[in-house]
Structures are given as C-alpha cells and as structure tokens.
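A closer look at the structure
These are the residues of each chain, in order.
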Amino acid sequence: MHWKGATMRVVLWLVAAVAVLWTGYWFVGSRSVEKGIEAWAASQSDSGLEAGYEGLSVGGFPGRFDVALTAPHLADPMAGTGWSAPDLLVTALAYAPWHLIAIFPQTQTVTLPDQTVTLTAEKLLGSVIFAPGTSMALQRTRLSGNGLELGSTFGWRAGAEQLNFATAVLQDARSHEIGLEMLKVTPDPALSAAMPDLPSQIDRLHLDASVTFDRPVDGTAASTPLRVTAIEVKDLSGIWGDAVLAGSGRITADEFGRAEGQIDLRLDHWRKLMPLLVATGTVTPEVAPTWERMLDYLARDGGGDPDVLQLPLTYRDGRASLGPLPLGPAPQLN
C-alpha cells in the first residue's frame, strides 16, 4: 500500500507542476497579447493610418485569451475612411491562439469620404484562422450576422435578415475561395418605391468565387499590399421576386492592373428591373426607353425568349461593356 501512496504523491506533484506551468504560460501569453496590440496600434502611423482605443483588458484565465477593447477605432485620414465601435471582444482558446473569434457590438460606424454609415445588428460574429507559426498565413475567415441594418447620413437605409460570408485557402496558397449569401435583403424604401413590379425584399443574393493574389496572404500583407491577379466567378445569383439573375466567368488583371475578361449574365424578367437603372442614376429617364428597346432587341435576337436577357459583361482594353452597350472604364483590380 505504501507504493500506492507514493504514486499518488507523484501524480499530485505532476498535476501541480502542470498547473503552475500553465498559469505561467497564460499570464506571459496575456501580457504578450496586450503588448502586441499596443505595438500594432502604435505602428499604424508608419502607414499613414490612425488606430487606437480608450481601454484594453485581457481576461479568460485559464482556458482563453479574451481581449476586450473599449472605443476601438481605425482610420485612413488621407482616404477619408474609418471604422469605430463602442467596444469589441476578440477571444481565442489559450491552446489555439491562431484561431480568433470576434464578437462585434450591436452598433458600428463606418466613415466614407462623402458620408457616414451606421451598421446595427442583432448579432454579428467573425472568425479568422491562421496557420500555426510566425508567418500568420491566412487559412479561413467567416462572418455571420442576423438583423442587419445600414443607415447613411445621406438619408438612405438598407438591411438584411441574414448574412453569411466565408473564405478558405485553396491548394494554391495564393488563391482563396469566397462565399457570400444574403437573405431577405431590404433595399432603401425610395428604391423599392421605384420598383412597383417587385416585392420590397430581395429574396437572396449569392456569390461563389475564388480570388488569386500575387502571393500568399500572410503577415506581410500589413506592410506590402496584395495584388489581385485573377477572379473566377463560379456562381453570381440573385432572386428578387420573379426577376432572377445568374452569372459566371473569369477576370484577370492586365499589365496595367485593369480587369480583363468576361462574366456571362442571364436575367429572367429583366424588364421589371428597368426602373432600377433610372433610380440609381445609371441612365436618365429620357434615355431609359432607348435602353429598353435595345435590350428587347438583344433578348429577341436569334429567336430567344423576350423575357430572358443573356449578355456578356466584358472587360477589354481598359473598357467595360454589357453586350454591345458601353459602360465606361474597366475597374482596377490592383
């Protein structure tokens, strides 16, 4: 029986030693997290940015690192953009600090050059997973929310009942798969009023795509911006009443960083969306009938269904066009 008592004492000593080591690891780790955030905020001025907060605390002992920020803010004074919130909680399991989970407050503010947009949400959660190690290579991201509403100082507002966004690195470490789904999207009331033949909510918006950068997405992106080299759209779709959009295609960056390629679009019951072109200022009321006649001709071309419009969105030589209709300059990818 004596050997059993000795064994028990050894086990107790081992448990105590592990507890002491873990406690030391947690307190050293929490202090490192705190110093890392302080150093990151201070270093943003080197990039012309402003980052800060009014309060910072690290808790969650013994199993997590819970970082609570009070009044965090990030701004680019030169671009006139910024983000701020009353608080932000970022948490990670102590044994897996490369998996971060962010719990956003119900209200956030986004500053744009010409307006300020307030985002409210019943629930908004985000997560980021990096590869273990010092490179901080991005593996996965996720953002999900319920009851989202946007309100602008310009007077417009919009919302969505549900948002799901996710990315995942592909076999080629430079490429990431991107998925986006929004359900029950409510456009601005003024926009809905201009669309009498459609319901007040867009049933679903969906995107399944992949983006390829000039190098893997890792910690170097903070100091050296990434360049987009290609975008592959597997499924771009939307359902707004009986107006249904479907699209797919591929775009690459030309030697000047401009979009080059084609997205094939199909739009069922396209006439119901014609008022959208006027409401958004894409075309003037005077030109809208001409556009509708041209689109009607294109829909009927070759004996097609007049209610179905199939056109390529093309980017070539720095210009964008929808079928034969010019749209202006092609967007810059990098």
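Please refer to the structure higher up on the page.
The written sequence of each chain sets the order in which its residues are numbered from 1. Per-residue local features of the predicted model are confined to residues with pLDDT of at least 70, and side-chain atom pairs are confined, for both listing and counting, to 80 or more; whole-chain, interface and lining totals are unaffected and use all residues. To obtain the side-chain values, all non-hydrogen atoms of the structure were included, while hydrogens and water were left out.

Before going further, it helps to examine the pattern of salt bridges. The working definition used for a salt bridge is a side-chain nitrogen of Lys or Arg within 4 Å of a carboxyl oxygen of Asp or Glu. For the structure shown, the criterion picks out 14 salt bridges. Glu177 is the partner of Lys234 in a salt bridge, and the nearest nitrogen-oxygen pair spans 3.9 Å. Of this pair, Lys234 sits in strand β15 (residues 228–240) while Glu177 is found in strand β13 (residues 175–186), placing the two residues 57 residues apart along the sequence. Exposure remark for Glu177: the relative accessible area of 31% places this residue in the partly exposed category. Close ionic contact of Arg204 with Glu181 constitutes a salt bridge, the shortest N to O distance being 2.9 Å. Of this pair, Arg204 sits in strand β14 (residues 202–213) while Glu181 sits in strand β13, placing them 23 residues apart in sequence. Buried means the residue's accessible area, taken with a 1.4 Å probe over protein chains only, is under 20% of the maximum for its type, while exposed means over 50%, and partly exposed covers the values in between. What makes Arg204 partly exposed here is its relative accessible area of 27%. A single salt-bridge network, built from bridges that share partners, covers Arg271, Asp296, Arg300 and Asp307. A run of H or I in DSSP becomes a helix once it reaches four residues, and a run of E becomes a strand once it reaches two; helices and strands are each numbered from the N terminus.

Turning to its location among the elements, Gln44 is positioned in the loop between α1 (2–43) and β1 (50–52). With near-sequence residues (within four places) excluded, Gln44 lies in contact with Leu49 and Ala51. The criterion used for residue contact is that any of the two residues' heavy atoms lie within 4.5 Å.

As paired elements, β1 and strand β4 (residues 73–76) share three bridges and run antiparallel to each other. Paired with Glu50 across the strands is Ala75, a residue of β4. Following DSSP output, two strands are said to pair if at least two bridges run between them. Where β4 lies against strand β5 (residues 81–84), four bridges are found, and the strand directions are antiparallel. When the sheet's bridge partners are listed, Leu74 is paired in β5 with Trp83. Adjacent in sequence and paired antiparallel, β4 and β5 are bridged by four residues, among which Gly80 carries a positive phi angle near 75 degrees.

Attention shifts here to the layout of surface pockets. In this analysis a 1.4 Å probe is tested at points of a 1 Å grid over the protein atoms alone, and where it fits but cannot get out there is a cavity; an open set with protein on both sides within 12 Å along at least five of seven lines is a pocket; lining residues have an atom within 4 Å of a point. Grid points are joined across faces, edges and corners, and a volume is the space filled by probe spheres set on the points. Quantified by volume, the largest pocket comes out at close to 2,000 Å³. The set of elements that each furnish at least two residues to the lining of the largest pocket consists of α1, β1, β3 (64–70), β4, β6 (87–93), β7 (99–103), β10 (123–130) and β11 (138–152). Ranked by the residues each element gives to the lining of the largest pocket, the list is headed by α1, at seven residues. Throughout this entry, Asp, Glu, Lys and Arg are counted as charged residues, while Ala, Val, Leu, Ile, Met, Phe, Trp, Tyr, Cys and Pro are counted as nonpolar. The remaining residues, Gly among them, count as polar. When the residues that make up the lining of the largest pocket are grouped by side-chain class, the tally is 32 nonpolar, 14 polar and three charged. In this structure, the second largest pocket spans a volume of roughly 970 Å³. Leu245, Leu267, Leu273, Leu276 and Leu277 are, among the 38 residues lining the second largest pocket, the residues nearest its centre.

The next point concerns the side chain of Asp188. As for its placement among the helices and strands, Asp188 is situated in the loop between β13 and α2 (189–193). As used throughout, the charge tally considers Lys and Arg to be positive and Asp and Glu to be negative, leaving His and the chain termini uncounted. Although buried, Asp188 forms no salt bridge, and the nearest oppositely charged side chain, Arg157, lies 5.3 Å from it. If sequence neighbours within four positions are ignored, Asp188 has contacts with Gly155, Trp156, Arg157 and Ala158.

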